[in-house]
Each structure stands twice: as C-alpha cells, then as structure tokens.
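Structure assessment
The residues making up each chain are set out below.
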Amino acid sequence: MATYTSYPPKGYRVRMSTYWWLGRWPYLKFILREISSVFVAWFVIETLLQIGALIDGPEAWIEMQDFFANPFVIALNVISLFFVVFHAITWFNLAPKAMAVRLGGKRVPAILIAGPQYVAWAIVSAAVAWLLLHG
Amino acid sequence: MHKRSNEPFVWLLFSAGGVVAALLIPIHLFLFGLAFPLGWLSAPTYDTVLALARSPIGRLYLFVLCMLPLFHWAHRFRYTLYDGLQIKHLDELVNTFCYGGAIVGTVIAGYLIWRIP
C-alpha cells in the first residue's frame, strides 16, 4: 500500500500546476463533476432547514418559504440544479463503463445499461412530484 | 502490521449516495428550489408536507435522502481537494473535515427527523 510523506521525496518530480484541470475540457468536466458534490451537500442543508421549519410550526414554514424566494437563494438553486443534473447524467452514463455485462459472449450495449436508469429517474421524479402536488 | 483499509466501506456509501442523489435530488431541488418559490406550481401546504414527512415511510425517506448524499459528498469532495488542489499531505485534516462533517450532518438529520411532530 502506498504511503504519503508530509514532505516531497528526494529525486525528480514534475511540478503540476494547481490549475491543471483548466487546460482541457475533459479535465474541466472531471472537476465540475467532482464539485457537484458541494451542491449535493447544499441541498441536504436546505432540506434540514425545511425539516427544522416543519418542527417549528406553520409560521416558521412560511418564513422558510420567504427564504427560498430570496433572489440569491433562487440563483444558488439554479446553479445547484445544473450541477445535480450534471451529476445524475454523468452517474447514469458511467454505469455501463463500470459494469461490463456480457450475455452469450457479447458485451451488452451501453444503452441497455444506462437506459433503464433514465427510465427509473423519470418514474421516481414523477412519483415525488405527484405526492407533493396531490398527496 | 497491515492496517485494513476503510476504502471499500466508504466507497460503498459514496456509491449508494450517488444513486440517491442522482435519482431524487434533481426533482426535489426543482420543486422546492424553483417551481414552488417562483409560483410555477402551487406549493403544498404546511399540513400536506407535515403529513408526508411524519409517516414512518416519510421519516425513513428523509433520513436516507440526507444521510447517503452526505457521505457521497464527503468521499467525492475529499478527492476534489486532493486532486484539484493537490493537498494529499493534509490527509488527516481533510478526512476529519469530510467524513466528520458527514457524520455530524447525519446525527443532526436523525435528531431533526425524530423531532418531527
């Protein structure tokens, strides 16, 4: 197992720029995908705030709706939505690469592995929306 | 002595969190973050949301919705810091911040969900 030292080992070392990921689109895409996790965490914080308001009663719930209607919060949520959708798409598209399923000696096409996940995404989203709008 | 790695365990949490985040967060964020505050769709009343959230299935759902994505964040953000900023030498600090944060968040989520009236 590799161990990491707190100082650089002696010998030849290529210096990498801290901004190496700005150079090429695939690198930038990789970092954008990684950064999507920050917006996932922000969503959890928002959910916890809403649960807190739910505990405090109807008045607190209405105050929380005002918070969500704040233009800055809306702007942040637009950015967050972009990142979580980016996460979802890259996540679903990754599955066929991670799982090389073979049937009868032939590799199952990527679309047959990624496709059902998009169907599940649509069904789950519709179910959540239906419950909240008609529950 | 060879220390057993926690990597498979945290990767499993990362992966499960990735699935939950991909399937559930976009619709939640779209509704509560945009559609309801901007009036595109009529927001559910306090009583409707409370009725959904307080049921045993609702509580379990909310707990999963908070816990697994938090561990997904912890694992992925840890590597964002390592790869993006090249701070592998701050390993212990980064681990404590990321996984510690996820554990604290999970405890807060559990406490709040338990307190839903």
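In this text, all values refer to a predicted model and were calculated from it rather than measured experimentally. (Residues numbered from 1 in each chain as written. Chains lettered and ligands numbered in written order. Predicted model: local features only at pLDDT ≥ 70, side-chain atom pairs only at ≥ 80, totals over all residues.)

Points about the overall build of chain A
The condition that has to hold: Counting from the N terminus, the helices are DSSP H or I runs at least four residues long and the strands are E runs at least two residues long. Residues with at least 20 other C-beta atoms within 10 Å of their own are called buried, those with 12 or fewer are called exposed, and the rest are partly exposed. The C-beta atoms themselves are positioned from the backbone. Once C-beta atoms are placed from the backbone, any two residues with those atoms within 7 Å are in contact.
Per the secondary structure count, chain A includes four helices and two strands. Beginning at the N terminus, the succession of helices and strands in chain A can be written as α-α-α-β-β-α. Among the 135 residues that make up chain A, the fraction classed as buried is 18%. The contacts in chain A between residues at least 6 apart in sequence include a share of 43% that link residues at least 24 apart.

A short note on the overall build of chain B
Quick note on the threshold: Atoms counted for the radius of gyration: C-alpha only. Globule rule: 2.2 Å times residue count to the power 0.38.
When helices and strands are counted, chain B shows four helices and zero strands. Taken from the N to the C terminus, the helices and strands of chain B come in the order α-α-α-α. Over its C-alpha atoms chain B spans a radius of gyration of 17 Å, topping by over 25% the 13 Å that the globule rule assigns to 117 residues. Viewed in the frame of its principal axes, chain B has a C-alpha envelope of about 55 × 30 × 20 Å. Looking at chain B as a whole, 33% of its 117 residues qualify as buried. Long-range pairs, those at least 24 residues apart, make up 79% of the contacts in chain B with a sequence separation of at least 6.

Looking at the domain arrangement of chain A
Where we set the bar: These domain boundaries are the output of an automatic or database domain assignment.
Here chain A is partitioned into domain 1 (13-83) and domain 2 (99-135). In this structure, domain 1 of chain A and domain 2 of chain A have C-alpha centres spaced 25 Å apart.

Overview of the nonpolar core
Most often, soluble globular proteins keep nonpolar side chains buried together rather than apart. Short version of the rule: We define the nonpolar core as any set of buried residues of the types Ala, Val, Leu, Ile, Met, Phe, Trp, Tyr and Cys, connected via C-beta atoms lying within 7 Å of each other.
Judged by nonpolar contacts, the single largest core of 42 residues is most densely connected at Val40(A), Val84(A) and Leu70(B). Those elements that provide at least two residues to this core are α1 (25-56) and α3 (71-98) of chain A together with α1 (7-35), α3 (56-85) and α4 (91-115) of chain B. Dropping the residues within four chain positions of it, Val40(A) is found in contact with Val84(A), His87(A), Ala21(B), Ile25(B), Pro69(B), His72(B) and Trp73(B).

Thoughts on α3(A)
Heads up, the condition is: Here the expected span of a helix is defined as 1.5 Å times the quantity of residues minus one.
The end-to-end C-alpha distance of α3(A), which contains 28 residues, comes to 40 Å, matching closely the 40 Å that a straight helix rising 1.5 Å per residue would cover. Three or more residues of α3(A) are buried, namely Asn77(A), Ser80(A), Phe83(A), Val84(A), His87(A), Ala88(A), Trp91(A) and Phe92(A). Next to the buried residues of α3(A) lie α1 and α4 (110-134) of chain A together with α1 of chain B.

Let's talk about the confidence of the model for chain A
We apply this condition: For every residue, the predictor reports its confidence as pLDDT, a number between 0 and 100.
Predicted confidence across chain A gives a mean pLDDT of 88, with 90% of residues reaching 70 or more. Put simply, strand β1 (residues 102-103) of chain A is where chain A has its lowest mean pLDDT, 81, and helix α2 (residues 58-69) of chain A is where it has its highest, 96.

Some remarks on the interface of chain B and chain A
Worth spelling out the cut-off: All residues other than Ala, Val, Leu, Ile, Met, Phe, Trp, Tyr, Cys, Pro, Asp, Glu, Lys and Arg, Gly among them, are scored as polar; the first ten of these are nonpolar and the last four charged.
Across the boundary between the two partners, chain B contributes 50 residues, which contact 47 residues of chain A. For the side of chain B that touches chain A, the secondary-structure elements that each account for two or more residues are α1, α2 (46-54), α3 and α4 of chain B. For the side of chain B that touches chain A, the element with the most residues is α1(B), which contributes 15 residues. Looking at the side of chain B that touches chain A residue by residue, the classes come out as 36 nonpolar, 10 polar and four charged.

A look at the packing of α3(A) against α1(B)
We count it as follows: In this analysis, axes come from line fits to C-alpha atoms, helices being fitted only over the stretch in contact, and the angle between any two N-to-C directions falls in the range 0 to 180 degrees. Oblique is the label for every angle not falling under 35 degrees (roughly parallel), over 145 degrees (roughly antiparallel), or within 65 to 115 degrees (roughly perpendicular). Handedness of a crossing is defined here by the sense of rotation of the near helix relative to the far one, left-handed for an anticlockwise turn of less than a right angle and right-handed for a clockwise turn.
Closest axis-to-axis distance for the α3(A)/α1(B) pair is 9 Å, and the angle between their directions is 155 degrees. Comparing the axis directions of α3(A) and α1(B) gives the class roughly antiparallel. For the pair α3(A) and α1(B), the sense of crossing is left-handed. When α3(A) is examined against α1(B), the residues Ile74(A), Asn77(A), Val78(A), Ser80(A), Leu81(A), Val84(A), Val85(A), His87(A), Ala88(A), Trp91(A) and Phe92(A) are found in contact with a partner set consisting of Gly18(B), Ala21(B), Ala22(B), Ile25(B), Pro26(B), Leu29(B), Phe30(B), Gly33(B) and Leu34(B). Considering only residue class, the contact of α3(A) with α1(B) consists of 15 nonpolar, five polar and no charged.

Quick word on the environment of His72(B)
With respect to the helices, strands and loops of the structure, His72(B) is situated in helix α3. Residue classification places His72(B) among the buried positions, given that 29 C-beta atoms sit within 10 Å. Distance from His72(B) to Cys98(B), taken between C-alpha atoms, is 10.0 Å for residues 26 residues apart in sequence. Ignoring sequence-local partners within four residues, the contact set of His72(B) consists of Ser37(A), Val40(A), Phe14(B), Gly17(B), Gly18(B) and Ala21(B).

Thoughts on the confidence of the model for chain B
Residues and elements named next belong to chain B. Per-residue confidence for chain B averages 92 on the pLDDT scale, and 97% of its residues sit at or above 70. Between the elements of chain B, mean pLDDT differs from a low of 93, seen in α3, to a high of 95, seen in α2. In the predicted complex, the global pTM is 0.88; the interface-specific ipTM is 0.92.

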